[in-house]
Amino acid sequence: MGKLTTLVGLIALCASLTHGKVYADLEQLDSAKESYDFVVVGGGIGGGTVASRLSENPRFNVLLIEAGPNDEGVTEIIVPGFFSNISTSTKYGWGYVTTPQIGLNNRSLPYSQARVLGGCSSHNGMAYTRGSTDDFDLWGKVSEDRSWSWKTLFPYFLRNEKLVPPPGGRNASGQFDPRFHGHRGPMSVSLPWSGPTAFDLLALKNAEQSKEIKFNLDVNSGKPSGVCGPSCLLPRLFSDSQKAVILSLGSIYDWKRRTLHQATRVVPSNESRELDIRTVEIVSVASGKPTIVTAKKELILSGGAFGTPHLLLNSGIGDKKELEEVKVKPIHHLPDVGKGLSDHLFIPITWSANDVVQPVDNAAAFEEWQVNRTGPLTQNPSPLLMFARIPPDAPLFKEHRDPAAGPNSPHIEHILVAGGPVTAAYVALLTPKSRGTVKIASNNPLDKPLVDVGYLTHPFDLLAVKEGVRMIKRWFEGPAYEGYITGYLGPDPDTLPEKEFYDAVKEIVGTFWHPVGTATISPKGAKHGVLDPDLKVKGVKGLRVVDGSAIPYVPTAHTQAAVYVLAERASDLIKDSWLIGSRVPRDEITQ
């Protein structure tokens, strides 16, 4: 086993491996004068996974740097049912707010991105969905490297995953397809504790009679369209699924020391004809004192779709003209850094319903969770998901080309929520044509980036949301809901004037926080894009990116599974480039 040292916030967290060390602060990191083969910046899903995999090799010494604190012992993070308490936390998040959105009548949106060990896996909604085969085949088409494909990546899904029984051990037989799941990986996933509810059963009954949306036994098969209901997978017990990757190794955290440090720039490691960047500057926010760390082999950026371009731009890697405008000295002209952001927006719509929902006794539920890790707090309250394609004869396809990656990719996700006298559905657009940007406003690397998600700036997206609303209206008009649904509360695209409906949509748009594509892969040698297919920054030696910013288009799924699989394969690409192969075992390929 190799050595993995994790520097968290201003203090240090060290995974207690065979040769692990604990650094209490940056001064100890300085005084140790230790050298590292790989330095990973960002302890989220991408960074945590790749650091863990690299440290499996006894030859490698790996440093993982995380700006935020450890999540160990944080009740709001540990208890999945407290998701809503942590998702907008500024203590464990970056506190981003988007720029005024032209497509939303100049509304700005708070935007949750984690600043804590485990990254967004520490405070996400716990939906484990992979997306379609077409989504991953598109990576290969965009990069002109067919080794990025569903077929190639599927074994990595299995390697990462450990399917375990639901909390409490209920019998989940027949509620998933075992052919599509791994059983020995570091990340445990499971079906919900509760099993099928009365609301779930209504959906399953309706699917039997619906011509448009059918039951799907396992949305992680690569063909996600349909109702997944009780078969939807959740990371087991902890909203921080990354805990299985890093913290299972054992960790120590000093809660008395909370001074903040932040990676601010990457800088050239030596003077040479070829730009060689393996060095990162870490600054104490309190004192302004910088610390420089250089990797012997590679510097790996895993700051996420906002953090990675922010770091590159502050380092002078980006569009030369735009950098000069904010008085940042360009060192490498790479115009697409921070461009091409794609994300999932949603709108909530409601119906009146003939239903009564018993409120959860939070005190009793918390006690049950503490005693045996069972009960309603083991899961997010809304596990009923539905994925669907817009009908091919819909009017919008006469005006716009279908943006879906292929026929297996749904356009819309509906999250159905039983709420007593009011039933709700969140209508999410999975295949947006709108694109956003991440830019910097100044040459101060501690200033927050300018995040423009670009919602509804392409006309297709409003039309697609309208079709998504019509689709879920038709769903609840199904015979299974007779006597249950008593009226539609809107907004209604079929009764409101078009402008009034669109204005209503713009007022209620929210986000699922699934940004990707701000440092995307493209063909090797191409002038567009940011990364070559091996995830190395174009025109730079020693610098690689492993996070959601590398993904060219937002997948038709919740994005954590896609980032896990990207990082799993990235770890092999890195090992192979240093002549240390680590191929996926053949016996893990079960399909």
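Once that is clear, we can look at the packing of aromatic side chains. The full count for this structure, using the stated rule, is 21 aromatic pairs. Between the aromatic rings of Y96 and F306, the centroid separation amounts to 5.4 Å while the plane-to-plane angle is 75 degrees, which identifies the pairing as edge-to-face. Of this pair, Y96 sits in strand β5 (residues 96-97) while F306 is found in helix α8 (residues 304-314), placing the two residues 210 residues apart along the sequence. Assigned by exposure class, Y96 and F306 land together as buried. Relative to F157, the ring of W150 has its centre 5.7 Å away and its plane inclined at 40 degrees; by these criteria the two rings are tilted. Since its relative accessible area comes to 2%, F157 is described here as buried. Linked through ring pairs, F136, W139, W148, W150, F154, F157 and F180 together constitute an aromatic cluster.

Capping of helix α10 (residues 362-372) at its N-terminal end is provided by D361; its side-chain oxygen lies 3.2 Å from the backbone amide nitrogen of A363. Phi turns positive, to about 55 degrees, at R373, one or two residues after α10.

Assignment of secondary structure puts N216 in the loop between α7 (198-209) and β9 (226-227). Given the relative accessible area of 9%, N216 is considered buried. In this structure the side chain of N216 is engaged in a polar contact, spanning 2.7 Å, whose partner is the backbone oxygen of K223. Looking at N216, its side chain comes within polar contact range of the main-chain oxygen of S225, at 2.9 Å.

What follows is about the packing of helix α5 (residues 133-143) against helix α6 (residues 150-160). Contact geometry of α5 with α6 gives a least axis separation of 9 Å together with a crossing angle of 115 degrees. For the pair formed by α5 and α6, the contact residues are T133, F136, D137 and W139 on the first element and W150, L153 and F157 on the second. The residue makeup of the contact of α5 with α6, split by class, is five nonpolar, one polar and one charged.

To continue, consider the confidence of the model for the protein chain. Averaged over all residues, the pLDDT of the protein chain is 85; the fraction at 70 or higher stands at 85%. The model gives residues 8-20 a pLDDT under 50, and that stretch makes 71 contacts with residues more than four places away or in other chains.

What follows concerns the packing of α6 against helix α14 (residues 560-577). Orientation of α6 relative to α14, taken along the N-to-C sense of each, is 100 degrees, at an axis distance of 9 Å. Compared by their axis directions, α6 and α14 come out roughly perpendicular. Mapping the contact onto sequence places T152, L153, Y156, F157, R159 and N160 in α6 and A561, Y564, V565, E568, R569, S571 and D572 in α14. Of the residues in the contact of α6 with α14, the class split is six nonpolar, three polar and four charged.

Rules of the game
Residues numbered from 1 in each chain as written. Predicted model: local features only at pLDDT ≥ 70, side-chain atom pairs only at ≥ 80, totals over all residues. Heavy atoms only, no water. Phe/Tyr/Trp six-rings, centres within 6.5 Å; stacked < 30°, edge-to-face > 60°. Helix = DSSP H or I, 4+ residues; strand = E, 2+ residues; numbered from the N terminus. Buried < 20%, exposed > 50% of the residue type's maximum accessible area, 1.4 Å probe, protein only. Polar contact = N/O pair within 3.5 Å; in protein donor to acceptor, adjacent residues only side chain to side chain. Axes fitted to C-alpha atoms, helices over the stretch in contact; angles between N-to-C directions. Contact = heavy atoms within 4.5 Å. Nonpolar A, V, L, I, M, F, W, Y, C, P; charged D, E, K, R; others polar. pLDDT = per-residue confidence, 0-100. Parallel < 35°, antiparallel > 145°, perpendicular 65-115°, else oblique.

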